[in-house]
Every structure is written in C-alpha cells, then in structure tokens.
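Observations on the three-dimensional arrangement
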Amino acid sequence: MATDRDAERDAITAAIQRLLDGRPTRSTGALTTLQLAAEAGVKRWVLTHKHVDLKEEFTRRKSEVNGIPPAFQHLHARVVDAEAIARALREDNGRLRERVAVYAQVIHELRTELDRRTDIRGQHSLVRTLPTSAT
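What counts, and where the lines are drawn
Residues numbered from 1 in each chain as written. Predicted model: local features only at pLDDT ≥ 70, side-chain atom pairs only at ≥ 80, totals over all residues. Heavy atoms only, no water. Helix = DSSP H or I, 4+ residues; strand = E, 2+ residues; numbered from the N terminus. Buried < 20%, exposed > 50% of the residue type's maximum accessible area, 1.4 Å probe, protein only. Contact = heavy atoms within 4.5 Å. Core = buried A, V, L, I, M, F, W, Y, C linked by side-chain atoms within 4.5 Å. Salt bridge = Lys/Arg side-chain N within 4 Å of Asp/Glu carboxyl O. Patch = residues over 30% accessible without salt bridge, like charges linked within 9 Å, V, L, I, M, F, W, Y side chains within 5 Å. Areas by Shrake-Rupley, 256 points an atom, 1.4 Å probe, with all protein chains shown as cover. Polar contact = N/O pair within 3.5 Å; in protein donor to acceptor, adjacent residues only side chain to side chain.

**Here's the deal with the overall build of the protein**
Scanning the protein from terminus to terminus reveals five helices and zero strands. In the protein, which comprises 135 residues, the proportion classed as buried is 16%. Sequence-distant contacts in the protein: of pairs separated by 6 or more residues, those separated by 24 or more amount to 43%.

Following this line, the structure appears as structure tokens:
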C-alpha cells in the first residue's frame, strides 16, 4: 500500500511541476486543484484528503509564481477589480466630455442664430425669449 501512496505522491509532484512550468500533458493547464488532479491522473479527493500537504505546496508555489504572497491574494483580486472599474469610468468620462463639447457647440450655434435673427429684425423677433423664473 505504501508503494501506491508513493506513486501518487510522485505523480502529483511531477504534475505540480508541469503545471507551474506551463507544460501540461493531461489537463487544461489551469492552476486549480481540479486540474492538478487531472494532470496527476488521480481523483480530486486524493489531493484534498490523502495528500493535503502536496495540495498546500501547490497552492503556495502557485502564489509564488504569481509573485504575490498567499496572505495578499485577496487584496490583489480587489485591486484587479478596482482597476477594471476605474478603466470603465475613465472611458465613460471621456464619452461624456465629448458629448458636453458637442452640446456646448450646439448651444453656441443656437445662440449665434438667435442673435443674428434679433439683429435682422430689430427688437421684434419671431423667436420669443422664455422667462427664466417661474411666475
């Protein structure tokens, strides 16, 4: 029975190395427990119950590959989300600034046209000025 356990450990260790090196042979190459099990050719429960130490080593080494210590992984995920939100807000801001510029140009043209009509016809214009406050 010890030889089966040793064979599993060897297969899992080799699979960890292949996944971290980016050269999977039996899995998608994703750095997950499920794909580690597929790469090693073992059931997932073997990793989560029988060889927990290897699963923890995989998690630790995966974090090192990403360059972020495990204690800060959750913060990194929040940073990535915040950067995506900020990028979307900058794009929206740019689109809104373009609209404001177009609206300012339209207002300027309308005001110029109104002034021109007033100059042509004198004080009696067909365009009526609306009151600025409610009466």
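**A few points about helix α2 (residues 33–40)**
Regarding α2, the residues found buried are Gln35, Leu36, Ala37, Glu39 and Ala40. Note on α2: the residue one or two positions beyond its end, Gly41, has a positive phi of about 75°.

**Points about the nonpolar core**
Core analysis: the largest hydrophobic core is formed by 13 residues, its most contacted members being Ile12, Ile16, Leu36, Ala40, Val42, Leu47 and Phe58. Sorting elements by how many residues they give to this core places helix α1 (residues 2–21) first, with five residues. Those residues in contact with Leu47 that sit more than four places away from it in its chain are Ile12, Thr33, Leu36, Ala37, Val52 and Lys55.

**Structural notes on the pattern of salt bridges**
Enumeration over the complete set of coordinates arrives at five salt bridges. Note that Arg18 is salt-bridged to Glu39, the shortest N-O span being 2.7 Å. Note that Arg18 is positioned in helix α1 and Glu39 in helix α2, a separation of 21 residues in sequence. Just as Arg18 is buried, Glu39 falls in that class too.

**Details of a nonpolar patch on the surface**
Judged by side-chain polarity, Val102, Tyr103, Val106, Ile107 and Leu110 come together as a nonpolar surface patch covering roughly 500 Å² of accessible area. Mapped onto the fold, Ile107 is located in helix α5 (residues 73–121).

**Things to note about the side chain of Arg18**
On the basis of relative accessible area, Arg18 is assigned to the buried category, the value being 15%. Looking at Arg18, its side chain comes within polar contact range of the side chain of Thr25, at 3.5 Å. Once residues within four sequence positions are removed from consideration, Arg18 is found in contact with Arg23, Pro24, Thr25 and Glu39.

Function-wise, these values are silent; they only describe arrangement.
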